[in-house]
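# Architecture at a glance
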Amino acid sequence: MATILYKFRSSSQFDSLPLPGTTARVFDVKRAIVRAKRLDAGSAATTSRLEFDLSLRNANTNEEYTDESELLPRGTRLIVQRMPAARGHGLLARIARAEGGGGGAAAAASYQNVAAAQAGFYE
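Analysis parameters
Residues numbered from 1 in each chain as written. Predicted model: local features only at pLDDT ≥ 70, side-chain atom pairs only at ≥ 80, totals over all residues. Heavy atoms only, no water. Helix = DSSP H or I, 4+ residues; strand = E, 2+ residues; numbered from the N terminus. Buried < 20%, exposed > 50% of the residue type's maximum accessible area, 1.4 Å probe, protein only. Polar contact = N/O pair within 3.5 Å; in protein donor to acceptor, adjacent residues only side chain to side chain. Salt bridge = Lys/Arg side-chain N within 4 Å of Asp/Glu carboxyl O. Core = buried A, V, L, I, M, F, W, Y, C linked by side-chain atoms within 4.5 Å. Contact = heavy atoms within 4.5 Å. Phe/Tyr/Trp six-rings, centres within 6.5 Å; stacked < 30°, edge-to-face > 60°. Lys NZ or Arg CZ within 6 Å of the ring centre and 35° of its normal. pLDDT = per-residue confidence, 0-100.

### Remarks on the side chain of R25
In this structure, R25 sits in strand β3 (residues 23–25). With relative accessibility at 16%, the residue R25 sits in the buried group. Within the local environment of R25, its side chain forms a polar contact with the side chain of D28, the two groups lying 2.9 Å apart.

Right, here's the structure in full:
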């Protein structure tokens, strides 16, 4: 199992994000970070969640990954920054739309890493 290392800008050490393959899409890495850090956990009393996006930069080259379909190889070291987003265009809204789009083999085929999708990594 391969890993991608990430840390938030304010953190001093990297955390590992296990991957079921050799690459992962930027969007899927963002979704896994949101789940690992529980950024999607909101109060049940609030009806709206804070809209944000995550900016991912390569820790070695300082290259920003803006294309969410870009594939990141295993061993990539990322610097994560939480950024404000317009209402309805934040990362949580995009994750909800991606998960609400259906399931089964058709959804698994839309991922670059079909084996990882079938193993439930993206769920």
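### Some remarks on the pattern of salt bridges
Applying the stated criterion across every chain, the model contains ten salt bridges. With its nearest N and O atoms 2.8 Å apart, the salt bridge here joins D15 to K37. One end of the pair, D15, is in strand β2 (residues 15–19); the other, K37, is in the loop between α1 (26–36) and β4 (52–58), with 22 residues separating them in the sequence. You can call K37 partly exposed: its relative accessible area is 36%. K30 is the salt-bridge partner of E68, the closest N and O atoms lying 3.0 Å from each other.

### Topic: the nonpolar core
Grouped together as the largest cluster of nonpolar side chains are 23 residues, with contacts concentrated most on V29, I33, V34, L54, L56 and L78. Mapped onto this core, the elements with two or more residues apiece are β1 (2–8), β2, α1, β4, β7 (77–84) and α2 (91–99). With six residues, the top contributor of residues to this core is α1. Apart from the residues within four sequence positions on either side, I33 is in contact with Y6, F8, L17, L54, L56 and V80.

### A closer look at α1
Taken across its eleven residues, α1 has nine buried, putting it largely inside the fold. Of all the residues in α1, the buried ones are V26, F27, D28, V29, K30, R31, A32, I33 and V34. Downstream of α1 by a residue or two, R38 has a phi angle that is positive, lying close to 55°.

### Section: the packing of aromatic side chains
Within the structure shown, the criterion is met by zero aromatic pairs. One cation-aromatic arrangement involves K7 over F14; the distance from NZ or CZ to the ring centre is 5.8 Å. Over the ring of F14 we find R77; its NZ or CZ atom is 4.0 Å from the centre of that ring.

### What about the confidence of the model for the chain?
Model confidence for the chain is summarised by a mean pLDDT of 79, while 72% of its residues fall at 70 or above. Highest mean pLDDT in the chain belongs to strand β5 (residues 64–65) (96); lowest belongs to helix α3 (residues 105–109) (42). Here residues 43–48 is a poorly scored stretch, pLDDT under 50, and it has one contact once near neighbours within four places are set aside; other chains count. For the stretch residues 102–111, pLDDT sits under 50, and the model shows ten contacts to residues farther than four places along the chain or on other chains.

### Considering unusual backbone geometry
You will see that R38, though not glycine, has its phi angle at about 55°, which is positive. The backbone of N62 sits at a positive phi, close to 65°, despite the residue not being glycine.

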